[in-house]
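Residues per chain are reported as follows:
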Amino acid sequence: MTETFKIRRLEISDKRKGFIELLGQLTVTGSVTDEEFDQRFEEIRSYGEDHVICVIEEETSGKIAATGSVMIEKKFLRNCGKVGHIEDVVVDSRFRGKQLGKKVVEFLTDHCKSMGCYKVILDCSVENKVFYEKCGMSNKSIQMSKYFD
Ligand SMILES: CC(=O)SCCNC(=O)CCNC(=O)[C@H](O)C(C)(C)COP(=O)(O)OP(=O)(O)OC[C@H]1O[C@@H](n2cnc3c(N)ncnc32)[C@H](O)[C@@H]1OP(=O)(O)O
């Protein structure tokens, strides 16, 4: 069967297209009810261009094959500059190795550029370092984190 991929922003109907299950390939999602999804979707939509989630839909199957998100941080430094933070990039294991991950990162990076950000940053595992290098990024620092119970 021919695969046709289309990249676009997340739509409210994407919950039915496997969006949450796809995020489950990245980390724990918990059980998200339709009501919780709709509420969170509207909340994120209210941030407009400052919080964008992109998806790639495989149109033949109507399934979400890849996703990633970006948040625009507004700063005082660098003349009230802006920084893009990329998060939650994942490609369905059935569709990996087809340049979809790269397309997601490009989409998000282009958004940051169009928003006037001076840089875009993300945290990733050592295993994904080469992937992000192929997306034109380079290692700058180490990640620190503290998880709350
Ligand atoms: C900020 C964050 O969200 S970090 C979390 C990243 N996500 C995950 O770890 C979830 C599980 N992994 C995945 O979903 C996928 O494997 C991803 C997103 C890491 C990569 O997606 P894919 O669609 O398979 O990658 P894609 O096909 O676009 O690869 C682009 C290039 O990177 C290379 N590449 C991809 N993954 C890797 C890897 N793990 N190690 C080395 N090279 C890699 C590819 O070979 C390709 O090289 P080429 O352009 O020379 O042909």
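Rules and cut-offs
Residues numbered from 1 in each chain as written. Predicted model: local features only at pLDDT ≥ 70, side-chain atom pairs only at ≥ 80, totals over all residues. UniProt positions renumbered as here; feature names shortened; annotations may be inferred. pLDDT = per-residue confidence, 0-100. Pairing = 2+ DSSP bridges. Helix = DSSP H or I, 4+ residues; strand = E, 2+ residues; numbered from the N terminus. Axes fitted to C-alpha atoms, helices over the stretch in contact; angles between N-to-C directions. Contact = placed C-beta atoms within 7 Å. Near = placed C-beta within 6 Å. Nonpolar A, V, L, I, M, F, W, Y, C, P; charged D, E, K, R; others polar. Expected span 1.5 Å × (residues − 1). Buried ≥ 20, exposed ≤ 12 C-beta atoms within 10 Å, placed from the backbone.

- The name given to the protein chain in an unreviewed UniProt entry is Glucosamine 6-phosphate N-acetyltransferase, and the organism recorded there is Arabidopsis suecica.
- Of the protein chain, the UniProt comment under Catalytic activity (unreviewed entry) reads exactly: "D-glucosamine 6-phosphate + acetyl-CoA = N-acetyl-D-glucosamine 6-phosphate + CoA + H(+)".
- Word for word, the UniProt comment on the protein chain under Subunit (unreviewed entry) is "Homodimer."

1. What to know about the confidence of the model for the protein chain
Point 1. The share of residues in the protein chain with pLDDT of 70 or more is 100%, and the mean pLDDT across the chain is 96.
Point 2. At the level of chain-chain contacts, confidence expressed as ipTM amounts to 0.98, with global pTM at 0.97.

2. Some thoughts on the sheet that holds strand 1 (residues 5–9)
Point 1. Pairing in this open sheet of five strands is mixed, and the strands run 1-2-3-4-5 from one edge to the other. Of all strands in the sheet, those bounded by a partner on one side alone are strand 1 and strand 5 (119–121). When the angles between neighbouring strand axes are averaged without regard to direction, this sheet yields 20 degrees.
Point 2. Sheet contacts for helix 4 (residues 100–114): strand 1, strand 2 (51–58), strand 3 (63–74), strand 4 (82–91) and strand 5; angle to strand 3, the most-contacted strand, approximately 30 degrees.

3. Regarding the site of the ligand
Point 1. The immediate surroundings of the ligand are formed by 21 residues, with Arg 96, Gly 101, Lys 102, Val 130 and Phe 131 found nearest.
Point 2. Among the secondary structure elements, those contributing two or more residues to the shell around the ligand are strand 4, helix 4 and helix 5 (129–134).
Point 3. Counting residues per element, the shell around the ligand draws most heavily on strand 4, at six residues.
Point 4. In terms of residue class, the shell around the ligand is made up of 10 nonpolar, four polar and seven charged.

4. So, helix 2 (residues 34–46)
Point 1. Between its first and last C-alpha atoms helix 2 spans 18 Å; for 13 residues at 1.5 Å apiece the expected length is 18 Å, and the two agree.
Point 2. With zero of 13 residues buried, helix 2 is to be regarded as a mostly surface element.
Point 3. Just beyond helix 2, the residue with positive phi is Gly 48, at close to 60 degrees.

5. Here we look at the pairing of strand 1
Point 1. Along strand 1, only zero of the five residues are buried, which leaves the element largely exposed.
Point 2. The pairing of strand 1 with strand 2 spans five bridges and is antiparallel. Among the inter-strand pairings, Lys 6 is bridged to a residue of strand 2, identified as Glu 57.

6. Here we look at the environment of Tyr 47
Point 1. Position of Tyr 47 relative to the elements: it lies in the loop between helix 2 and strand 2.
Point 2. Tyr 47 sits 18 residues away from Ala 65 along the chain, and the two C-alpha atoms are 24 Å apart.

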